[in-house]
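Working through the structure, step by step
Residues per chain, in single letters:
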Amino acid sequence: MSLGPYPAPEHVAGARGPAGEVDADVIILAMDRAEETVAAIASARAQAGLSKHVWIADQGSRPENLARLAAAVEGAPDATLVRLDRNWGVAGGRNRATALGRGRMVFALDNDAEFADADTLARALRALDAEPDIATIACRILVFDTGAEDLSSWGYPAGLLPRAAESFDVATFVGAGHAIRRRDFERTGGYDDALFFCWEEFDFALRAINAGQRIRYRGDIAVRHKVSGEHRFAWSGTRWFHFVRNRLYIGLKYGLAPASLLPRFLAYQVKGARNGVLAQGLKAGPAALGLWRRFRPAPGMEALYRLTPAARDYLARNDAAHRGGLGRRVRAEVLAALPSAKAS
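All of these numbers come straight from a predicted model, not from anything done at the bench.

Focus on the packing of aromatic side chains
Enumeration according to the criterion identifies 15 aromatic pairs in this entry. Here Tyr156 and Tyr217 contribute two aromatic rings whose centre-to-centre distance is 5.4 Å and whose plane-to-plane angle is 65°, an arrangement assigned as edge-to-face. With Tyr156 in the loop between β7 (134–143) and β8 (167–170) and Tyr217 in strand β10 (residues 214–225), this pair connects stretches of sequence that are 61 residues apart. Within the aromatic cluster, the residues linked to one another by ring pairs are Trp199, Phe202, Trp240, Phe243 and Tyr268. Over the aromatic face of Trp88 sits the side chain of Arg96, whose NZ or CZ is 3.4 Å from the ring centroid.

Here it is as structure tokens:
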């Protein structure tokens, strides 16, 4: 993927790029949290069984923290630290980090996560190579200290949680650790920069599914997540606003009329009121409409965002079927408490 319209990032430390072709690019977004990021870089560089290059894209770390990251990759032939021109968020940051490499697989690792095993990256690559219709491998996310399920990072129907060690097709994936086939990333257009943070994986997954690809959860391919609270979006800050705004915007982008999203909007207000973040949710509705008006598909491109019958069937089988009836969904998805801010 070329850098295209993106401003060229500033090279800070490490190699200018890989000496030759590599199987995989590991991308890590950085913004302070230097100790955890250095550990994530070391974990990625230690991956064995394939050729890879580690790209660290800094989005605004303080000078002392950027210096620590630079020291961690100084002289490294397999790692590159760059500084982006500004904070592009998760979606935009991943787009720009992905554009730096050319490996046939892109593995995104949160900067407070580490690979569970030395061959995790190689097994993710083998999983993609074995099934060409898989666009993304969704990793199992474990709590770093205990190895238990990271419930704050379970992005699937609650009914699938007892199967966390298994493998199955899903409708989305979790950003803390996932692998994307570069070919599918490029042909679906990558992430939507407008989302900035929250639901960007679901939006990408919808386009991949609409193109006839699958998203595969693999309980045997895992990362360990430190669920650090530093520099995270707390529910009491702006996280709930982004959560509601972005989900409504995605519905509008995929052709739903604003009126048809009213029940979802109202359900979010009930959940927001129960969790003390009602004001954020109320602001999110008008903001979603504004985002859609600014970033709606160009004329002639709307068909790309109309789910095919095959895509609708995929979503019904691999997501809706595991959520239960209306009463169960209200209890599990509307009346439940939000995850704690520390683990969000």
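What follows continues from the structure just given.
Details of unusual backbone geometry
Positive phi, close to 50°, is recorded for Arg33, a residue that is not glycine. One can find Arg33 in the loop between β2 (24–30) and α1 (34–45). For Trp199, which is not glycine, the phi dihedral falls at a positive 70°. Tracing the sequence through the fold places Trp199 in the loop between α5 (182–187) and α6 (200–210).

Looking at α6
Each α-helix turn comprises 3.6 residues. Residues three or four places apart therefore point the same way. Among the 11 residues that make up α6, 11 are buried, leaving the element largely enclosed by the rest of the structure. Those residues of α6 that sit buried are Glu200, Glu201, Phe202, Asp203, Phe204, Ala205, Leu206, Arg207, Ala208, Ile209 and Asn210. Phi turns positive one or two residues past the end of α6, at Gly212, with a value near 95°.

Some details on the environment of Ile180
Considering the arrangement of structural elements, one finds Ile180 in strand β9 (residues 177–181). Along the chain, Ile180 and Ile215 lie 35 residues apart, while their C-alpha atoms are 9.4 Å from each other. Ile180 has contacts with Arg104, Met105, Val106, Leu128, Ala135, Thr136, Phe173, Phe185, Tyr191 and Phe204, leaving out every residue within four places of it along the chain.

Focus: the pairing of strand β3 (residues 52–58)
Counting buried positions along β3 gives seven out of seven residues, so the element sits mostly inside the fold. The side-chain alternation of β3 yields two buried faces, one formed by Lys52, Val54, Ile56 and Asp58 and the other by His53, Trp55 and Ala57. Examined bridge by bridge, β3 and strand β4 (residues 79–83) share five bridges and lie parallel to one another. In the strand pairing of β4, Val54 is matched with Ala79. In this view, the connection linking β3 to its parallel neighbour β4 by way of helix α2 (residues 63–73) has right-handed handedness.

Considerations on α2
Among the residues of α2, those classed as buried are Asn65, Leu66, Leu69, Ala70 and Val73. Around the axis of α2, the buried residues are gathered within 145° of arc, so they sit on the same side. The secondary structure elements touched by the buried residues of α2 are β1 (10–14), β2, α1, β3 and β4. Once α2 ends, the next one or two residues include Gly75, with phi positive near 80°.

Considering the confidence of the model for the chain
Summary statistics for the chain give a mean pLDDT of 92 and a share of 94% for residues scoring 70 or more. Across residues 229–233, confidence stays below pLDDT 50; counting only partners more than four residues off in sequence or on other chains, it has 19 contacts.

Some remarks on the environment of Pro263
Residue position: Pro263 is located in helix α8 (residues 262–274). For the pair Pro263 and Glu200, spaced 63 residues apart in sequence, the C-alpha to C-alpha distance is 22 Å.

Concerning the side chain of Asp58
The topology assignment puts Asp58 in strand β3. This buried residue, Asp58, is left without a salt bridge; Arg83 holds the nearest opposite charge, at 5.8 Å. A polar atom in the side chain of Asp58 sits 2.4 Å from the side chain of Ser61. The contact partners of Asp58, leaving out residues within four places of it in the chain, are Ala30, Met31, Leu66, Leu69, Leu81, Val82, Arg83 and Leu84.

Some thoughts on a nonpolar patch on the surface
Judged by side-chain polarity, Val270, Leu326, Val330 and Leu335 come together as a nonpolar surface patch covering roughly 340 Å² of accessible area. Of note, Leu335 is situated in the segment after α11 (326–334).

Let's talk about the pattern of salt bridges
In this structure the tally under the stated criterion is 31 salt bridges. A salt bridge links Asp78 to Arg45, with the shortest nitrogen-to-oxygen separation between them at 2.8 Å. Taken together, the positions of Asp78 in the loop between α2 and β4 and Arg45 in helix α1 put the pair 33 residues apart, joining distant regions of the chain. You can call Arg45 partly exposed: its relative accessible area is 30%. Its salt-bridge partner being Asp119, residue Arg123 comes within 3.3 Å of it at the nearest N-O pair.

Observations regarding the environment of Ser61
Along the chain, Ser61 falls in the loop between β3 and α2. The class for Ser61 is buried, based on a relative accessible area of 11%. Separated by 124 residues in sequence, Ser61 and Phe185 have C-alpha atoms that sit 27 Å apart. Setting aside its immediate chain neighbours within four residues, Ser61 contacts Ala30, Met31, Asp32 and Leu66.

Some remarks on the packing of α8 against helix α9 (residues 278–295)
One way to put it is that α8 packs onto α9 with a least axis distance of 7 Å and a crossing angle of 160°. Classed by the angle they form, the pair α8 and α9 counts as roughly antiparallel. The way α8 lies across α9 gives a crossing that is right-handed. Within the contact between the two elements, α8 uses Phe265, Gln269, Gly272 and Ala273 and α9 uses Leu278, Gly281, Leu282 and Gly285. Residue composition of the contact of α8 with α9, grouped by class: four nonpolar, four polar and no charged.

Rules used throughout
Residue numbers restart at each chain and count upward from 1, following the sequence in its written direction. Owing to the predicted nature of the model, reporting of local features is limited to residues with pLDDT of at least 70; listing and counting of side-chain atom pairs is limited to 80 or more, with chain, interface and lining totals taken over all residues. Side-chain metrics in this entry use all non-hydrogen atoms of the structure; hydrogen atoms and water are not considered. Ring pairs are drawn from Phe, Tyr and Trp, using the six-membered ring of Trp, whenever the two centres fall within 6.5 Å, and their geometry is named by plane angle: stacked under 30 degrees, edge-to-face over 60, tilted for the rest. We count a stretch as a helix when DSSP gives it H or I for four or more residues in a row; a strand needs E for two or more, and each element gets its number in order from the N terminus. In our convention, an over-ring charge means Lys NZ or Arg CZ found within 6 Å of a ring centre and within 35 degrees of that ring's normal. Burial classes follow relative accessibility: with a 1.4 Å probe on protein chains only, a residue under 20% of its type's maximum area counts as buried, one over 50% as exposed, and anything between as partly exposed. Residues are treated as being in contact if the distance between any of their heavy atoms lies within 4.5 Å. Strands pair, by our definition, only if DSSP identifies at least two bridges between them. Clockwise travel from the first strand over the helix to the second, with the strands pointing away from the viewer, marks a crossover as right-handed. Here the arc refers to the directions that run from the helix axis out to each C-beta atom. By definition, pLDDT measures how confident the predictor is in each residue, and it falls between 0 and 100. For the purpose of charge, His is not counted, nor are the chain termini; Lys and Arg are scored as positive and Asp and Glu as negative. The salt bridge definition used is simple: a Lys or Arg side-chain nitrogen within 4 Å of an Asp or Glu carboxyl oxygen. Within 3.5 Å is the distance limit for a polar contact, defined as a pair of N or O atoms, with the added protein rule that one can donate a hydrogen and the other accept it, and that residues adjacent in sequence qualify only through two side-chain atoms. Patches in this entry comprise residues that are over 30% relatively accessible and not in a salt bridge; like charges within 9 Å are linked, as are nonpolar side chains (Val, Leu, Ile, Met, Phe, Trp, Tyr) within 5 Å. Accessible areas in this description were obtained via Shrake-Rupley with a 1.4 Å probe; residue shielding takes into account the shown protein chains only. To get an axis, a line is fitted to the C-alpha atoms, and for a helix only the part in contact is used. The angle between two axes follows their N-to-C directions and goes from 0 to 180 degrees. The scheme is simple: roughly parallel for angles under 35 degrees, roughly antiparallel for over 145, roughly perpendicular for 65 to 115, oblique for anything else. By definition, turning the near helix anticlockwise from the far helix through less than a right angle yields a left-handed crossing, and turning it clockwise yields a right-handed one. Asp, Glu, Lys and Arg are counted as charged, while Ala, Val, Leu, Ile, Met, Phe, Trp, Tyr, Cys and Pro are counted as nonpolar; the rest, among them Gly, fall into the polar class.

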